[in-house]
Every structure is written in structure tokens, then in C-alpha cells.
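# What the coordinates show
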Amino acid sequence: MCRWAAYTGAPIFLEEIVSRPGHSLIHQSHCATQCHTAINADGFGIAWYGAKPEPGLFRDVLPAWSDPNLKSLTAQVQSHLFLAHVRASTGTATSRNNCHPFTHGRWSFMHNGQVGGYDGFRRDADMMIPEALYPHRKGATDSEALFLVALAEGLDDDPRGALERAAARFIRLARAKGQGPHLRLTAALSDGQRLYAVRYSTDDAAPSLYHRWSDTRQGRAVVSEPLEAEEHGWEEVPPYSFCTFDGETAMVEDFLPCRLASAA
């Protein structure tokens, strides 16, 4: 499993989430406490929004704790909205193209979880990506495939519905050709205006997810694990939820792709 952190609000330096807190994302890359493995050393990445609609993207295969470029970048770059991820591979190669976040146009996406038995039906999953989007399939992960299918399902107009429909298609495929858990999905995505997050699993082990509004920063952090052990105000996102974060507003809706998967 992976760990990730996202932020939306008044502009801050990336390091205020990625490296400075006591349990920052870099700390979680070698000392995670709420997942099966404490080590997330199979690469990292950051997507951040600035003056242009499309996000900037920096990814590498080094462990996050050992890359001086990452520390330098996070100390200098400010952003009002960014996604950061440290990877623990569930089977695909350690390469830049397999590191999160993934981007397309103004969208960015990152995922913690798995599609059960994905190696056994990777070709079938790729076939769900429309021809117009397939040139953007750069890596081999289930996460990137899910992102591209969600784009095809109408992510621009209906983020929750599009991701729900894409997840349902992967659940059906995993049920037919894979193994359990058919889907574990804790993900963040953004169009540069709003930050969205989802926590879902077809079993009872949805990966952890929290969020917290800071009056001091005038912004919200959405994280796999709280950034400070003694910091109050962290709210756990319930399973089967899709969250929309816009300013101080946090809207939580049901996320139930299992209903669509069963109906098909």
C-alpha cells in the first residue's frame, strides 16, 4: 500500500505538508503507521497547480527520504492545491511512469489500494481505455488505467459518477477474472479548482483517510495519516464516501460502485 497527502486552500510551500510536519509524507515513506508496510520506497511524485490550468508534475523512482531534489523543490514551490504520493508497489515495476500522481490536461489523480488479481487481466483492463485516450497510457499500473477509464466516463462533468462507473467496471472485471479484494480505492483527484477524495473497498479494509481544516493556514489537508501525532481536529473519512473539498466546505456523499457492478 502507498501513502499520500493533498492540500487545498491559501497558497503554502509544499514542504508544509510533504516534509516539515513530525509525521510528514516523507516521514510516512519510511515510518507509516496505518498500513500493512511501514516502508513506501518505490518512488514518489507531486502534482501542483499554479498560474496555468494544467498541473506541474515531478516524479522519480528514488525513495522520497533520500532525494535532495524533492526537499529543495518543496522548500521553494508554493501552491494553493497539490497532490503528493509515496509508492509501495503492488506488483508493477518501479519506474517514473508507474509513479503517482498521473495527469491528463487539467486533471491529476493518485491512488492507494489495489485491484484484486490485476496481473491476470491487465490486457482486459487496457481494452477499457478508449483509443483516443490510450496514447496517454504511459505505465502499467491499475491506478493509471482506472484514471483513464474515469476520464472516458465523464470526469470533466461528473467526477463522482465517472469514478463510480469506472470503479464498477473494474470490480466486474476483477470478479470475473481476478480475486479478492476486488477493489480497494483511497484516491485523490483534482481539476485545479476543487479537490476530491474517495475511500472505498469491496471488503472491510478500505485504506485509511483523514482531513483537517486549518484556520492558521486557511486550507485543508487530506491525508492517509495525520501529519502530527498530537494535533487535534483530524476527521476520518468514512468508508464508501466521495468527498468534495472547496474552500472551507467539505461535502461527503455516498460512493457505491458495487451497486452499479451488481446491476450490470
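Parameters and conventions
- Residues numbered from 1 in each chain as written.
- Predicted model: local features only at pLDDT ≥ 70, side-chain atom pairs only at ≥ 80, totals over all residues.
- Heavy atoms only, no water.
- Helix = DSSP H or I, 4+ residues; strand = E, 2+ residues; numbered from the N terminus.
- Rg over C-alpha atoms; globule rule 2.2 N^0.38 Å.
- Buried < 20%, exposed > 50% of the residue type's maximum accessible area, 1.4 Å probe, protein only.
- Salt bridge = Lys/Arg side-chain N within 4 Å of Asp/Glu carboxyl O.
- Polar contact = N/O pair within 3.5 Å; in protein donor to acceptor, adjacent residues only side chain to side chain.
- Contact = heavy atoms within 4.5 Å.
- Pairing = 2+ DSSP bridges.
- Disulfide = S-S within 2.5 Å.

### Description of the overall build of the protein
From N to C terminus, the protein includes 7 helices and 13 strands. Here the C-alpha atoms of the protein give a radius of gyration of 17 Å, agreeing with the 18 Å that 2.2 N^0.38 yields for 264 residues. In terms of its C-alpha atoms, the protein occupies a principal-axis envelope of roughly 45 × 35 × 35 Å. A buried classification covers 55% of the 264 residues belonging to the protein.

### Examining the pattern of salt bridges
Taken as a whole and judged by the stated rule, the model has 18 salt bridges. Of the charged contacts, one joins D124 and K177 as a salt bridge, the two residues approaching to 2.7 Å between their closest N and O atoms. Separated by 53 residues along the polypeptide, D124 in helix α4 (residues 122-127) and K177 in helix α6 (residues 159-177) bring together distant segments of the chain. Of the residues examined, K177 reaches a relative accessible area of 47% and is grouped as partly exposed. With its nearest N and O atoms 3.9 Å apart, the salt bridge here joins E164 to R160. With a gap of 4 residues between them, E164 and R160 both fall in helix α6, about one helical turn apart. Using a relative accessible area of 8% as the deciding quantity, one classes E164 as buried. With relative accessibility at 26%, the residue R160 sits in the partly exposed group.

### Points about the side chain of R212
Looking at where R212 falls in the secondary structure, it is placed in strand β9 (residues 210-214). At a separation of 2.7 Å, a polar atom in the side chain of R212 contacts the main-chain carbonyl oxygen of H232. Dropping the residues within four chain positions of it, R212 is found in contact with G219, R220, A221, E231, H232, G233 and W234.

### Topic: the pairing of strand β12 (residues 241-246)
Residues in a regular strand point their side chains to alternate faces of the sheet. When you tally the buried positions in β12, you get 5 out of 6 residues, the bulk of the element. Pairing geometry for strand β8 (residues 195-201) and β12, over 5 bridges, is antiparallel. Considered in β12, the bridge of V198 is made with F242. As defined by bridge partners, β12 adjoins strand β13 (residues 249-254) across 6 bridges and the pair is classed as antiparallel.

### Digging into the state of the cysteines
Tallied over the full model, the rule gives 0 disulfides. Not part of a disulfide, C99 finds its nearest cysteine sulfur in C2, a span of 9.4 Å. Cysteine C258 is unpaired, with the sulfur of C243 as its nearest cysteine sulfur at 16 Å.

### Examining unusual backbone geometry
With an omega dihedral of -5°, the bond running from H100 to P101 counts as a cis peptide bond. By secondary structure assignment, the location of P101 is in the loop between β4 (78-86) and β5 (102-104). Note the cis peptide between G180 and P181, where omega equals -5°. Of note, P181 is situated in the loop between α6 and β7 (184-190). Its identity as a non-glycine residue notwithstanding, Y240 has a phi of 65°, on the positive side. Position of Y240 among the secondary structure elements: in the loop between β11 (235-236) and β12. Judged by its relative accessible area of 36%, Y240 falls in the partly exposed class.

### Notes on the pairing of strand β2 (residues 44-49)
Of all the 6 residues making up β2, 6 are buried; the element is thus mostly covered by neighbouring parts of the structure. The sheet contact formed by β2 and strand β3 (residues 56-60) spans 5 bridges and is antiparallel. Counted as the bridge partner of A47 is L57 from β3. Both β2 and β4 contribute to a ladder of 6 bridges, which runs antiparallel. Looking at the pairing, I46 lines up with A84 of β4.

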